[in-house]
Amino acid sequence: MFKTLRRFSGIQEHNKSGTIFIISILALLVAAVSSAFIGVVYISPIEVSRIFLSQIPLVGHYFSAGIDIEHQPEIIVYLREPHILGAVIIGAVLGVGGAVIQSIFKNPITEPYMIGISSGAALGAVLSIAVGLTILGVYTLQVLAFIFSALIVGLIYFFSLRSGRVPIVYMLLTGIAVSVFVSSIVAFMLYNSPNLASTSEVFFWLMGSVDTITWAELIPVALLSIASMFILSLYTKELDTIQLGEDYARSVGVKVESLKIIALTLVTVSVSAVVSISGLIGFVGLVVPHISRLLHGGSNRKVIPSSAILGALFLVLAYDVSRLVIAPKVVPIGIITGMIGVPFFIYLLRKLAGGYYAD
Amino acid sequence: MQIEVSGIEYSVNRFKLGPVSLSVKGGEVLGIGGPNGSGKSTLLRIMLRLMRPTKGRITLDGVNIDEMSQRDLSRKLAYLPQNLFSPLNLSVQDVLLASEYSLDKKNARLDDIIRRYGIEELKHRDFNSLSGGEKRLVMLIGAINQDAGAILMDEPDTFLDVDKEIQVMQEIMDIRNSGRSVIVILHDLNKLASICDNILMLRSGQVVAYGSTDEVLVPEVLEKMYSASFTVERISGSLRVDAHARKKS
Ligand SMILES: Nc1ncnc2c1ncn2[C@@H]1O[C@H](COP(=O)(O)OP(=O)(O)O)[C@@H](O)[C@H]1O
Ligand SMILES: [Mg+2]
C-alpha cells in the first residue's frame with residue numbers, strides 16, 4: 001500500500017491530488033452512513049434507511065409511516081447518529097490539530113496532546129468525579145475537562161514565555177514536563193480513591209470513547225470545532241511559512257508570535273472541546289497528518305483539509321471496529337485507535353527513517 | 001533604498017559585537033567578511049530585527065525598523081539565510097510561495113521566475129531532496145521573488161558548482177543594477193573584490209575595516225584579520241587577492 005502512496009506523493013500533480021480528495025470524501029460519506037447500519041441492536045437496513053429519510057425536513061413524514069417498531073428510531077437518532085457524527089467531528093479536529101501543531105513545532109513527531117491538552121483534560125475529568133462536583137449539572141465532567149485542558153495549556157505557554165516570545169522547543173519541553181507532573185497528580189487521585197478508578201464514567205473517559213455522546217453535548221462542541229477548523233484553514237500560508245523556521249517566516253512578513261497564539265488557541269479550544277466529550281483518543285493527531293503529507297505533499301493548503309477528512313474517516317472506521325470486534329460489547333474507541341495507530345505509526349517511522357523525512 | 005546602521009552593539013555569553021555603523025544606498029553592494037564566529041550572521045540578523053541589539057539603531061529610508069510592521073519590514077528587506085530546512089516536506093513551489101507572502105500580486109510571477117531560472121523540473125520536488133547547491137539557488141530565487149528594496153544574504157555561495165556560482169554572482173550584479181541594495185556575507189576575498197562597492201571586515205565582533213573595496217582589500221588589513229600573508233594585485237581593472245601561509249619568524 002505504501003508504494004502506491006509514495007508514487008502518488010512523488011508526482012504531486014494537481015489533478016491527482018483532486019482525485020484523492022474526491023475519493024476520500026466519498027469514502028467518508030459511505031463509511032459514516034453505513035456505520036448507522038451497524039450496532040448492538042439489530043435493525044434492518046430498510047428500517048435504518050427509512051429512519052434516515054424521515055429526518056429530512058418537509059418530506060420526511062412520507063417515510064415515517066412504515067416505521068412501527070418501538071425504540072428503533074430512538075436508537076438511530078439519539079444513539080447511533082450522535083456517536084457517528086461525534087466520531088467525524090473528533091477525528092477531523094484531531095487530524096487538523098495534529099497538522100497545525102506539527103507545523104508550529106516544525107516537528108513530525110508531535111501532536112496536539114503534547115501541549116498539555118490531554119493531561120489537563122484528564123485532571124479536570126478525574127477531579128470532577130473525585131470531588132463529586134455537580135455544580136454544572138450532568139455535564140460537569142465535560143466542562144471541567146475543557147476548562148482544565150485550556151488552563152494547563154495556558155500555564156505551559158506562560159511558563160515558556162521569554163521576553164515576549166515563546167521559543168517553540170522550550171514550549172515543547174515545558175509541555176512534556178508539566179504533562180508528566182499533571183498526570184502524576186491524576187494517577188495519585190486514581191490511586192488514592194479506589195472507587196474512582198472503577199467508576200465507569202472515568203474509565204471510559206480515560207480510554208476514549210464516543211459511545212456516551214449525546215446531541216446536547218455534541219452540538220456546542222461541533223460548533224466550536226467547526227468554527228476553529230474554519231479559522232485555522234485561513235492560516236495555511238502562514239503555517240507553511242513557519243515550517244521553514246520562525247526567522248525565515250518573520251523575514252517574509254509573517255507575524256510569528258501572533259500566529260502561534262492564534263493557532264495554539266484554536267487548537268486548544270477545538271481539541272479540548274472534543275476531548276471533553278470523548279476522552280483521550282490517541283494517535284489520530286499524530287498519524288493522520290503524515291498520511292495526508294504522503295498523499296498530497298507538505299503544504300497545509302492540502303494537508304489541513306485532508307487531515308480533517310482522513311481523521312474523520314479513520315475514527316468512523318475505528319468506531320465500527322470497536323463495535324464489531326467483540327460484539328455485542330463495545331470496546332472504547334481509544335483502545336482501537338491505539339491498537340491500529342501504534343503499529344501503523346511504527347511502520348510509518350521505519351518508512352520515514354528510510355529517507356522520506358531524512359535531512 | 002537607504003540603510004543606516006548606527007552604533008549597533010550586542011552581546012551573548014562571552015561574545016560581544018560592535019559597535020558597528022554602516023550605510024548602504026540603493027544600487028550598492030556591501031560585502032561583509034571575516035573569520036568564522038566573528039559575528040557576521042549575528043549582525044545580519046540584527047539588521048533583520050530577528051535579534052534585538054543592546055544599543056544602536058537601524059533605519060530604512062529614515063524609518064526606524066522598530067517602528068515598522070513585520071509586513072513593511074519584509075517589503076524592505078529580504079533574507080537569504082545560511083540554510084533552510086523543511087521538516088514537513090514542502091515542495092520547491094511551496095517554498096517559493098512562502099517567499100511572496102507579503103506581495104499583493106501573487107502567483108502571477110512565480111511561473112515566470114521558475115522558467116527564467118530553468119528550474120521547472122525542480123518545481124514539484126520535495127525541497128529537502130534537493131542538493132545543497134540546488135537549495136541555495138531556490139532560496140536565492142525566493143529572496144529575489146520577495147521583491148524587497150534590499151536583499152541580505154548569508155553566504156549565498158556555499159555548495160554551488162562553478163556554473164551556479166557564476167549565475168549567483170551575476171544575479172547579485174543584476175539586483176544591484178536594478179537599483180536595489182545587497183548586503184552579502186562572503187568568505188571568498190576574490191568574490192568580495194569582484195562584486196562589492198564597499199566592504200566591512202569583522203573580527204571577534206569588532207570592525208577591523210570599513211570602506212570602499214579598494215581601501216579594505218589591502219594586505220595590511222587582511223593580515224590583521226587572518227594569520228596568513230596576502231598579496232593584492234590589480235589585473236585588467238579588477239583586484240586579485242592571494243593568500244599564503246605566513247612564514248614563521
Ligand atoms: N544563540 C547563541 N548563543 C550563544 N552564542 C552564540 C549564539 N549565536 C551566536 N553565538 C556566538 O556568536 C558569535 C558569532 O556568531 P556568528 O554571528 O554566527 O558568526 P559568523 O557568522 O561570523 O561565523 C560566535 O562566537 C557564536 O558562537
Ligand atoms: Mg555565519
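Check the secondary structure of chain A and you find 17 helices and zero strands. Looking at chain A residue by residue over its 359 residues, the buried ones come to 53%. Summed over its atoms, the accessible surface of chain A is roughly 15,600 Å², and 73% of this surface lies on carbon and sulfur atoms.

This next bit is on the packing of aromatic side chains. This model, assessed by the stated rule, comprises two aromatic pairs over all chains. Considering the side-chain rings of Tyr157 of chain A and Phe158 of chain A, the 5.7 Å spacing of their centres and the 85° angle between planes classify their relative orientation as edge-to-face. Owing to a relative accessible area of 58%, Phe158 of chain A belongs among the exposed residues under this scheme. With 6.1 Å between their ring centres and 55° between their planes, Tyr226 of chain B and Phe230 of chain B make a pair best called tilted. Among the residues examined, Phe230 of chain B registers a relative accessible area of 7% and is labelled buried.

Residues and elements named next belong to chain B. Looking at ligand 1, the residues that line it are Val12, Asn13, Phe15, Pro35, Asn36, Gly37, Ser38, Gly39, Lys40, Ser41 and Thr42. Between ligand 1 and Ser41, the relevant distance is 2.8 Å, taken from an oxygen atom to a side-chain nitrogen or oxygen of the residue. The contact in question runs from an oxygen atom of ligand 1 to an N or O atom on the side chain of Thr42, over 2.5 Å. If ligand 1 stood free it would expose 560 Å²; the protein chains cover 58% of that surface. Here the residues of the shell around ligand 1 are counted per class, giving three nonpolar, seven polar and one charged.

Here the focus is the side chain of Ser276 of chain A. Residue and element names in this part refer to chain A. Looking at the element boundaries, Ser276 is found in helix 14 (residues 256-278). The exposure class assigned to Ser276 is buried, which follows from its relative accessible area of 5%. The residues touching Ser276, leaving out its near neighbours within four places in the chain, are Leu141, Gln142, Ala145, Phe146 and Trp205.

Once that is clear, we can look at the interface of chain A and chain B. Between chain A and chain B, the residue contacts involve 30 residues of the former and 28 residues of the latter. Of the roughly 2,700 Å² buried at the junction of chain A and chain B (both faces included), carbon and sulfur atoms supply 57%. There are two salt bridges connecting chain A and chain B. Across the pair Arg301 of chain A and Asp94 of chain B runs a salt bridge whose closest N-O atoms are separated by 2.7 Å. Secondary structure elements with two or more residues in the side of chain A that touches chain B: helix 5 (72-104), helix 12 (236-243) and helix 13 (246-251) of chain A. Tallying contributions element by element places helix 12 of chain A first for the side of chain A that touches chain B, with five residues. Per-class residue counts for the side of chain A that touches chain B are eight nonpolar, 11 polar and 11 charged.

Time to look at helix 14 of chain A. Residues and elements named next belong to chain A. In a regular helix each residue adds 1.5 Å, so 23 residues correspond to 33 Å; helix 14 covers 32 Å between its end C-alpha atoms and thus fits that length. Counting buried positions over the 23 residues of helix 14 gives 18, a clear majority of the element. Remark: Gly279 follows helix 14 within two positions and exhibits a positive phi of approximately 80°.

Scanning the entire structure with this criterion turns up 23 salt bridges over all chains. The salt bridge involving Arg250 of chain A is made with Asp247 of chain A; its shortest N-O contact spans 3.6 Å. One end of the pair is Arg250 of chain A and the other is Asp247 of chain A, both in helix 13 and three residues apart, which spans about a single turn. Under the relative-accessibility criterion, Asp247 of chain A is labelled partly exposed at 22%. Sharing partners across several salt bridges, the network here consists of Lys106, Glu246, Asp247, Arg250, Glu257 and Lys260 of chain A together with Arg45 of chain B.

All names here are of chain B. With five of five residues buried, strand 8 (residues 181-185) is to be regarded as a mostly interior element. Where strand 3 (residues 29-33) and strand 8 come together, four bridges link them in parallel fashion. For Val29, the partnering residue across the bridge sits in strand 8 and is Val182. Here strand 7 (residues 150-154) pairs with strand 8 via five bridges, running parallel. Pairing of Asp154 across the sheet is with Ile185, part of strand 8. For the crossover that starts at strand 7, traverses helix 6 (residues 162-177) and ends in the parallel strand 8, the hand is right-handed.

The pLDDT averaged across chain B works out to 91; a share of 98% of its residues lies at or above 70. Here the predicted complex scores 0.90 on pTM and 0.93 on ipTM.

In this section: the sheet that holds strand 1 (residues 3-12) of chain B. Residues and elements named next belong to chain B. Here we have four strands laid out as an open sheet, ordered 2-1-4-5, and antiparallel in their pairing. With partners counted over all chains shown, the strands left at the sheet margins are strand 2 (15-24) and strand 5 (63-64), one partner each. Pairing of strand 4 (residues 55-60) with strand 5 involves two bridges; the strand directions are antiparallel. Its bridge partner lying in strand 5, Leu60 is registered against Val63.

Taking 1.5 Å as the rise per residue, helix 15 (residues 284-296) of chain A with 13 residues should run 18 Å; its terminal C-alpha atoms sit 18 Å apart, in good agreement. The element helix 15 of chain A is extensively covered by neighbouring structure, given that 13 of its 13 residues are classed as buried.

Right, let's get into the sheet that holds strand 6 (residues 77-80) of chain B. All names here are of chain B. Taken in spatial order, the six strands line up as 6-7-8-3-9-10 in an open sheet, and their pairing is mixed. Bordering the open sheet on either side are strand 6 and strand 10 (206-212), each of which pairs with just one other strand. Across this sheet, the average inter-strand angle for adjacent strands is 15°, counted without regard to direction. Of the strand pairs in this sheet, strand 9 (residues 198-203) and strand 10 are connected by six bridges, and their pairing is antiparallel. Each bridged residue has a counterpart across the sheet, and for Arg203 the counterpart in strand 10 is Gln206. Sitting on the sheet, helix 5 (residues 132-145) touches strand 6 and strand 7, and the angle it makes with strand 6 is about 175°.

Rules behind the numbers
Residues numbered from 1 in each chain as written. Chains lettered and ligands numbered in written order. Predicted model: local features only at pLDDT ≥ 70, side-chain atom pairs only at ≥ 80, totals over all residues. Heavy atoms only, no water. Helix = DSSP H or I, 4+ residues; strand = E, 2+ residues; numbered from the N terminus. Buried < 20%, exposed > 50% of the residue type's maximum accessible area, 1.4 Å probe, protein only. Areas by Shrake-Rupley, 256 points an atom, 1.4 Å probe, with all protein chains shown as cover. Phe/Tyr/Trp six-rings, centres within 6.5 Å; stacked < 30°, edge-to-face > 60°. Near = heavy atom within 4 Å. Polar contact = N/O pair within 3.5 Å; in protein donor to acceptor, adjacent residues only side chain to side chain. Nonpolar A, V, L, I, M, F, W, Y, C, P; charged D, E, K, R; others polar. Contact = heavy atoms within 4.5 Å. Buried area = accessible area lost by both parts, 1.4 Å probe. Salt bridge = Lys/Arg side-chain N within 4 Å of Asp/Glu carboxyl O. Expected span 1.5 Å × (residues − 1). Pairing = 2+ DSSP bridges. Right-handed = clockwise from strand over helix to strand, strands pointing away. pLDDT = per-residue confidence, 0-100. Axes fitted to C-alpha atoms, helices over the stretch in contact; angles between N-to-C directions.

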